[in-house]
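As a plain string of letters, each chain reads:
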Amino acid sequence: MTDLTAPSGVEAPPPSVGEIFLGFLHLGLIGFGGVLPLAHHMMVEQRRWLTQAEFTDLLGLCQFLPGGNIINMSAAVGMRFRGAPGAVAGICGLIAAPTVIVLALAVVYGRYQDNPYVTHLVGGLAAAAAGLLCAVSVKMLLPLRKRALSLLVVAVCFVAIAVLRWPLLPVMLTLAPVSILLHARFRK
Amino acid sequence: MTATLLALAAIFAELSLLAFGGGNTILPEMQRQVVDVHQWMSAREFTALFALAQAAPGPNMMVVTLVGWRVAGLPGAIVCTLAKFGPCTVLTALLLRIWDRFKQARWRPLVQAGIAPVTVGLVAASAVLITEASNRASWSLYAITALVTLFSLRTRIHPLWLLAGGGLGGLAGVWFV
């Protein structure tokens, strides 16, 4: 296993704060939907900031903690090379362009939202965005389909949040420890 | 105004630290807070913002910025963005140094195995709630959701094309519905 805080064995020299910002700025601009495959391409293959093993290790941390993978990844990579300024550069680079773009979209939408064409266009867009979310949940559910215990937890969580509309915090604080204990107790 | 900004900051900082498994898991709670608890907008407006955010590049949680914008203008957008992306990234940066010890611990895969189904349940809840809220206007919109789901599952077509198709389908509704 590689030590994440030590200098890496990658060929390229460690990126500067500016390079970290620009790298993630680029990712934020080109990434639609799934940014992760593009992040892998940029950091491992193109700019060689990280080796494959280092990327996998970092991704493990980012998936383990709350927050989007790529969001956490931008902070982790920046932190690793340049400390706190690098982390700030990473996350700011990642969200700078998307922030400006969504706000521009919102301004345009706000101006024309009463226009029937815009209403219908955004209505269709929302229906399609919902469809993408449905597909993601099916894809996430499939690997669990043969595990009765996991499916039970999925069902309880779904009912609590979608049907009963209970707040997330108490549901999470109860269900996560119970699920962890049950999975630890009944694992194969 | 300050009270609203503080409320937004509190909501999104909490969501930031509860987002195990990424942004899609916290959509139901975001919708509950913004629509039901604080009544800042309708469920349909919320899904319209979600759709706009999905149509823009970048990480998939830019809806946070738009909610802030809609509720409290530019200060709201800035507060929500910082509150949503700050806490989780600070946590990641802090834990980076001890992750080596942490990642080999025997309890780690057990914790992950236990959290995974909770994450899946939350994403499924998001899908159902967002579908229900965005298609409330017309039953025909369910056809778009169903087709996009099917295409996304069965083909490798880029999501952006599916969004574009959905937008055009919705536009066709101007003449047919």
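Computed from a predicted model, the values in this text were never measured in an experiment.

Secondary structure assignment for chain A yields seven helices and zero strands. Each helix and strand of chain A, placed in order from N terminus to C terminus, yields the pattern α-α-α-α-α-α-α. Its C-alpha atoms give chain A a radius of gyration of 21 Å, clearly above 16 Å, the size a compact globule of 188 residues would have. Within chain A, buried positions represent 47% of all 188 residues. Pairs at least 24 residues apart make up 53% of the contacts formed inside chain A by residues separated by at least 6 positions.

Let's shift gears to the environment of B:S16. Here B:S16 lies in helix α1 (residues 2–18). For B:S16, a count of 26 C-beta atoms within 10 Å gives the class buried. When the C-alpha atoms of B:S16 and B:A43 are compared, they prove to be 21 Å apart, with 27 residues separating the residues in sequence. Once residues lying within four places of it in the same chain are set aside, the contact partners of B:S16 are A:P66, A:G67, B:A83, B:K84, B:F85, B:G86, B:P87 and B:C88.

Okay, the domain arrangement of chain A next. Domain annotation of chain A identifies domain 1 (17–111), domain 2 (115–142) and domain 3 (146–188). Using C-alpha coordinates to define each centre, domain 2 of chain A is positioned 26 Å away from domain 3 of chain A.

Often, the extent of an interface is quoted as the loss of accessible area upon association of its parts. Between chain B and chain A, the residue contacts involve 90 residues of the former and 84 residues of the latter. Sorting the residues of the side of chain B that touches chain A by element identifies α1, α2 (27–37), α3 (43–55), α4 (63–95), α5 (99–103), α6 (107–134), α7 (141–154) and α8 (159–176) of chain B as the ones contributing at least two each. Looking at the side of chain B that touches chain A element by element, the count peaks at 21 residues for α6(B). In terms of residue class, the side of chain B that touches chain A is built from 56 nonpolar, 28 polar and six charged.

The next subject is α4(B). Under the 1.5 Å per step criterion, the end-to-end length of α4(B) is only 27 Å for 33 residues, more than 12% shorter than the ideal 48 Å. At B:A72, α4(B) shows its largest kink, close to 150°, and the proline B:P75 lies no more than four residues downstream.

Turning our eyes to something else, we now look at the packing of α7(B) against α8(B). Residue and element names in this part refer to chain B. Axis separation between α7 and α8 bottoms out at 10 Å; the angle between their running directions is 160°. Considered as vectors, α7 and α8 are oriented roughly antiparallel to each other. Here α7 runs over α8; the crossing is right-handed. Along the contact surface, α7 presents I144, V148, F151 and S152, while α8 presents P159, L162, G166, G169 and G170. Here the residues of the contact of α7 with α8 sort into five nonpolar, four polar and no charged.

Calculation notes
- Residues numbered from 1 in each chain as written.
- Chains lettered and ligands numbered in written order.
- Predicted model: local features only at pLDDT ≥ 70, side-chain atom pairs only at ≥ 80, totals over all residues.
- Helix = DSSP H or I, 4+ residues; strand = E, 2+ residues; numbered from the N terminus.
- Rg over C-alpha atoms; globule rule 2.2 N^0.38 Å.
- Buried ≥ 20, exposed ≤ 12 C-beta atoms within 10 Å, placed from the backbone.
- Contact = placed C-beta atoms within 7 Å.
- Domains from an automatic or database assignment.
- Nonpolar A, V, L, I, M, F, W, Y, C, P; charged D, E, K, R; others polar.
- Expected span 1.5 Å × (residues − 1).
- Bend = angle between axes of the 7 residues up to and from the residue.
- Axes fitted to C-alpha atoms, helices over the stretch in contact; angles between N-to-C directions.
- Parallel < 35°, antiparallel > 145°, perpendicular 65-115°, else oblique.
- Left-handed = near helix turned anticlockwise from the far one by under 90°.

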